[in-house]
Amino acid sequence: MVKINKFDYQKEFDVLRAISVILVLLFHLNEEVFFFGFVGVDIFFFISGFVITQSLFNYYEKFGSEGFILNFFFRRIRRIFPVLILVLLVSLIFFLILVPYGDYQLLFTAKSFLFSIFGLSNLYYYKNIDSFNYFNFESNTPFLHTWSLGIEEQFYIIFPFLLIFFLSLKINLVLLKNSFLILAFISLFIFLDSANFLSHYYLLTSRAWEILFGSIYFFYKNKDNLKINISKFSKYIFIIALILIFIFFLQLEKKIDYRHQIFITIIALLIFVNFLNYIKFPLEKKFIYLGKLSYSIYLWHFPVIYFSSYYISGYIKYFFVIIITFILSQLTYHFFELPFRKININQKKIKALFCLALGSAIIVLILNQNNSINLRNFIHHSIVNTNHFFKNFNITEKTIFYRIANKHFLDNDKCNLENENFKRKNYLNCIIRRNNQNLFYLTGDSFGEHFLNVLTESNTKVFQNIYLGREENSIFLKNQNLETKSIDNFKNLSGEFNNSYYIFSISYDKDISLDNLSSYFMKLKNYNVIIIKPHIKADKFIYNCLEKINLKMSSSYINKKKCKYKKEIDQKRIDEVNNKLFKLSRLYPNIKFFDFNELVCKNNRCNLYNEEKNLIYFTDNTHLTQEFARLISPIFEEWFINVYDYKLKQN
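Residues numbered from 1 in each chain as written. Predicted model: local features only at pLDDT ≥ 70, side-chain atom pairs only at ≥ 80, totals over all residues. Heavy atoms only, no water.

Q: I would appreciate a short explanation of the overall build of the protein chain in the present structure.
A: Helix and strand counts for the protein chain come out as 23 helices and 13 strands. Projected onto its principal axes, the C-alpha coordinates of the protein chain cover approximately 90 × 55 × 50 Å. Residues classed as buried in the protein chain amount to 53% of the 651 residues present. Across the protein chain, the fraction of contacts at a sequence separation of at least 24, relative to all contacts at a separation of at least 6, is 77%. Approximately 31,000 Å² of the protein chain is accessible, and the part contributed by carbon and sulfur atoms is 59%. If you average the places of the 74 positive and of the 51 negative side-chain charges in the protein chain, the two averages end up 6 Å apart. (Helix = DSSP H or I, 4+ residues; strand = E, 2+ residues; numbered from the N terminus. Buried < 20%, exposed > 50% of the residue type's maximum accessible area, 1.4 Å probe, protein only. Contact = heavy atoms within 4.5 Å. Areas by Shrake-Rupley, 256 points an atom, 1.4 Å probe, with all protein chains shown as cover. Lys, Arg positive; Asp, Glu negative; His and termini not counted. Charge placed at Lys NZ, Arg CZ, Asp CG, Glu CD.)

Q: Sorry if this is basic, but what is going on with the sheet that holds strand β2 (residues 438–444) here?
A: Neighbouring strands of a sheet are bound in pairs by backbone hydrogen bonds; such pairs are parallel or else antiparallel. Spatially, six strands are ordered β1-β3-β2-β4-β5-β9 in an open sheet, and the strand pairing comes out mixed. Both outer strands of the open sheet, β1 (429–432) and β9 (591–594), are each paired with one neighbouring strand and no more. Neighbouring strand axes in the sheet, compared pairwise and without regard to direction, differ in orientation by 25 degrees on average. In this structure, β2 lies alongside strand β4 (residues 499–505), joined through seven bridges in parallel fashion. If you follow Tyr-441 over to β4, its bridge partner there is Tyr-502. Against the sheet, helix α18 (residues 485–494) touches β2, β3 (465–468) and β4, its axis set at about 175 degrees to β2. (Pairing = 2+ DSSP bridges. Axes fitted to C-alpha atoms, helices over the stretch in contact; angles between N-to-C directions.)

Q: Help me understand the state of the cysteines, please; the structure alone is not making it clear to me.
A: Defined simply, a disulfide is a covalent bond joining two cysteines at their sulfur atoms. Inspection of the entire model under this criterion finds two disulfides. Linked covalently through their sulfurs, Cys-545 and Cys-563 form a disulfide whose S-S length is 2.3 Å. With a gap of 18 residues between them, Cys-545 in the loop between β5 (528–532) and β6 (546–547) and Cys-563 in the loop between β7 (557–558) and β8 (564–566) connect regions that are remote in the sequence. Residue Cys-563 is classed as buried on the basis of its relative accessible area of 0%. (Disulfide = S-S within 2.5 Å.)

Q: What is the right way to look at a nonpolar patch on the surface in this model?
A: Where nonpolar side chains cluster on the molecular surface, the patch consists of Phe-233, Tyr-236, Ile-237, Ile-240, Ile-243, Leu-244, Ile-247, Ile-271 and Phe-275 and spans about 840 Å² of accessible area. Sort the elements by how many residues they give to the nonpolar patch and helix α10 (residues 234–253) lands first, with six residues. As for its placement among the helices and strands, Ile-237 is situated in helix α10. (Patch = residues over 30% accessible without salt bridge, like charges linked within 9 Å, V, L, I, M, F, W, Y side chains within 5 Å. Salt bridge = Lys/Arg side-chain N within 4 Å of Asp/Glu carboxyl O.)

Q: I would appreciate a short explanation of the pairing of β2 in the present structure.
A: Two faces belong to every sheet, and in a regular strand the side chains alternate between them. Within β2, seven of the seven residues are buried, which leaves the element mostly enclosed by the surrounding structure. Where burial is concerned, the two faces of β2 agree: the one with Asn-438, Phe-440, Leu-442 and Gly-444 and the one with Leu-439, Tyr-441 and Thr-443 are both buried. In the sheet, β2 pairs with β3 via four bridges, with the strands oriented parallel. Looking across to β3, one finds that Phe-440 is bridged to Ile-466. This β-α-β element, β2 to helix α17 (residues 446–455) to β3, shows right-handed connectivity. (Right-handed = clockwise from strand over helix to strand, strands pointing away.)

Q: Which parts of the structure should I look at to understand the environment of Leu-252?
A: As for its placement among the helices and strands, Leu-252 is situated in helix α10. Leu-252 gets classed as exposed once you look at its relative accessible area, which sits at 55%.

Q: Looking at this structure, how should I read the packing of aromatic side chains?
A: In this description, an aromatic ring pair is defined by two values, namely the gap between the centres and the angle between the planes. Tallied over the entire structure, the rule returns 77 aromatic pairs. On the basis of an interplanar angle of 70 degrees and a centroid distance of 6.2 Å, the ring pair of Phe-185 and Phe-213 is categorised as edge-to-face. Residue Phe-185 is found in helix α7 (residues 173–192), and its partner Phe-213 is found in helix α8 (residues 204–221); the two are separated by 28 residues along the sequence. Seen from their ring centres, Phe-618 and Phe-628 are 5.9 Å apart, and the 90 degrees between their planes marks the pair as edge-to-face. In this pair, Phe-618 sits in the loop between β13 (615–616) and α22 (626–643) while Phe-628 sits in helix α22, placing the two residues 10 residues apart along the sequence. The same class applies to Phe-618 as to Phe-628, namely buried. (Phe/Tyr/Trp six-rings, centres within 6.5 Å; stacked < 30°, edge-to-face > 60°.)

Q: Help me out: how do you make sense of the sheet that holds strand β11 (residues 605–607) in this one?
A: Strand order in the open sheet made by the three strands is β8-β11-β10, with antiparallel pairing throughout. Among the strands making up the open sheet, the edge pair consists of β8 and β10 (601–602). Judged from the three bridges that link them, β8 and β11 form a sheet pairing that is antiparallel. Note that in β11 the partner of Lys-564 across the bridge is Asn-607.

Q: Can you walk me through the packing of helix α2 (residues 40–63) against α8 in this structure?
A: Contact pair α2 / α8: the axes reach a minimum separation of 7 Å and the direction vectors enclose 50 degrees. Considering the angle they form, α2 stands oblique to α8. At the point where α2 passes α8, the crossing takes the right-handed sense. Here α2 contributes Asp-42, Phe-45, Phe-46, Gly-49, Phe-50, Thr-53, Gln-54 and Phe-57 to the contact with α8, which in turn contributes Arg-207, Glu-210, Ile-211, Phe-213, Gly-214, Ser-215, Tyr-217, Phe-218, Phe-219 and Lys-221. Tallied by class, the residues present in the contact of α2 with α8 amount to nine nonpolar, five polar and four charged. (Parallel < 35°, antiparallel > 145°, perpendicular 65-115°, else oblique. Left-handed = near helix turned anticlockwise from the far one by under 90°. Nonpolar A, V, L, I, M, F, W, Y, C, P; charged D, E, K, R; others polar.)

Q: Is there a simple way to think about the confidence of the model for the protein chain in this case?
A: Predicted coordinates in regions of low pLDDT should not be interpreted in detail. Scored by pLDDT, the protein chain comes out at a mean of 87, with 92% of its residues at no less than 70. Ranking the helices and strands of the protein chain by mean pLDDT puts β5 first, with 97, and helix α23 (residues 645–650) last, with 53. (pLDDT = per-residue confidence, 0-100.)

Q: Sorry if this is basic, but what is going on with α22 here?
A: Side chains of residues three or four places apart in an α-helix project in the same direction, reflecting 3.6 residues per turn. A rise of 1.5 Å per residue sets the reference length of α22, with its 18 residues, at 26 Å; its end C-alpha atoms lie 25 Å apart and thus fit the reference within 8%. Of all the bends found along α22, the most pronounced is centred on Ile-632 and spans about 30 degrees, while Pro-634, a proline, follows it within four residues. Within α22, the full set of buried residues consists of Glu-627, Phe-628, Ala-629, Ile-632, Ser-633, Phe-636, Glu-637, Trp-639 and Phe-640. (Expected span 1.5 Å × (residues − 1). Bend = angle between axes of the 7 residues up to and from the residue.)

Q: Help me understand the environment of Ile-228 in this model?
A: Summarising the element assignment, Ile-228 is placed in the loop between α9 (223–226) and α10. Accessibility expressed as a relative area gives 10% for Ile-228, which makes it buried. A C-alpha to C-alpha distance of 6.5 Å links Ile-228 and Val-174, two positions 54 residues apart in sequence.

Q: I'm lost on unusual backbone geometry in this one. Help?
A: Phi is mostly negative for residues that are not glycine, and the peptide bonds are mostly trans. Even without a glycine there, the phi angle at Asn-479 is positive, about 65 degrees. Among the secondary structure elements, Asn-479 is positioned in the loop between β3 and α18. Residue Asn-479 is classed as exposed on the basis of its relative accessible area of 78%. One non-glycine residue, Asn-614, lies in positive phi territory at about 50 degrees. Tracing the chain through its elements places Asn-614 in the loop between β12 (609–610) and β13. By relative accessible area, which is 41% here, Asn-614 ends up partly exposed.

Q: Can you help me understand the nonpolar core in this one?
A: In globular proteins that are soluble, nonpolar side chains generally tend to be buried together. Counting 163 residues, the largest nonpolar core has Phe-213, Phe-219 and Phe-636 as the members making the most contacts within it. When neighbours within four sequence positions are excluded, Phe-219 is seen to be in contact with Phe-57, Leu-173, Leu-176, Lys-177, Phe-180, Leu-226, Ile-228 and Ile-230. If you look at the next biggest cluster of nonpolar residues, it comprises 28 residues, including Ile-487, Leu-517, Phe-521 and Val-529. (Core = buried A, V, L, I, M, F, W, Y, C linked by side-chain atoms within 4.5 Å.)

Q: In this structure, what is going on with helix α15 (residues 375–390)? I would like to understand it.
A: Its 16 residues place the ends of α15 22 Å apart at the C-alpha level, agreeing with the 22 Å of an ideal helix rising 1.5 Å per residue. Of all the positions in α15, only Asn-377, His-380, His-381, Ile-383, Val-384, Asn-387 and Phe-390 are classed as buried. If you follow the buried residues of α15, they end up packed against α3 (68–98) and α4 (103–117).

Here it is in structure tokens:
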């Protein structure tokens, strides 16, 4: 390879970083006013492509291929992870103290915390795209913004191997540039494919083109220093081609969405960096300094916005977020980023550290594969134990928003047995196990999980051994394949107990199939089965009943009159489902039904709130609150004793 000079620091990129992070911060502060601000992340991607390519070329020129990969990874880890882990840990602690979280929100937050540490949060969000829509991030997780770091980290794993492969073969750099160009266009067309709308927002395959464009720009900008022959007209052809592609897709789809906005932003950025000379301006030094702070600002701004949204609104929130973010960013930049960047370790120590980390990871995975340890269970139990530990520290415990948070199995898991399995399709969670008398196996969708609190009430004398399964209501619709893994789990467990009870609770659809129900419960004809009957769904949420909602910390007043709703709005569905359940009971006399509708609806009027008992019935318009479950618990227990009295006496 031809001898080249060291590539210099590009101060204009720090200015672009500053602009980018300001755009992102404004977007997250108010996505309606600053709707275009999300493109700041894409500018970051472009800059990263340029800077990483420049850094790798500088290292290769100085040291050659020796330690090329390991040193690159060490420098990236040193640059990214110290501040990242600090922000994640602080944010998680604040989440547990300041947020009136529900169980699902805690699960999502804890898991996104773990995936963020390992640079995989974007894949986790993609897999759970319904819960992690980047353009609807309210009440989500304080770590949603780490998706972009995941994409960059995954790119960093692949890119140096690709680059060193070409450099070691001493292939013409024009060929290397063209190879990157081909990969970039493949990624671009994946990104522009409307069939993958939004889901590809989080994937490297559809975002690599932006980073690769930055890398390609490095070759154009440094063609003289690299001594490669690139026609001066090629950049014009390249940009014109991008504009034509943009026009084609815009005409094809007849609408503008985030993909087109990102694409035109990158085109405009290419025009700017190629044709407009960098001009000094009065605030240049301020912007350069903000550019240096940009990584810390990016990490801090989203958690600060997330937490402040629970307590502050209006212009005060904007000032608070900007000031606190700037203070925290300066502290982490000067006391974490800069000190860790100065850490230098020789080649042998770097290699030893990576071998140790890789070896440890392989051992853990082998042990998990051999069932010597169960990583999934360990993670879930850690979340359970963390929740129990911080329960007394959460300052929102007495607020209405905490009372209506979705709470179920995380507050009730007291087993930690080895036979637990948290996989969605084979869900088996041991909640309480005290003896071998009566097994209560509760299964269903989220309705089953919320009914769990009825069984785990501390004053209960009957429900001593409880397990939780999972069935989706969709499997009971016509032409759907039945899944009976919960039944299989129940049957396997029932042999360990004197008596076994299968409790079933789902969100009943009006189109539920009697044939599917019959096929399902036929497998349980020799067992005790309890079906929780459908209850009336409200046409409003408890939020619609609140007065004086200024802060979630405040004890807002519940207006009972606003909480009223009519029974007949959902009566047709109830009647259709109950008619099918009645026919089911004629087929299988072992099935018993429990109904708690009368607790909520008296006469023809229903209410989300019981003023006399200061009791909120539902977390939303249909899922049980913990306090309502406590009310149901003694009623259900009495009902159970009356129905199965002869069984209990035998014990």
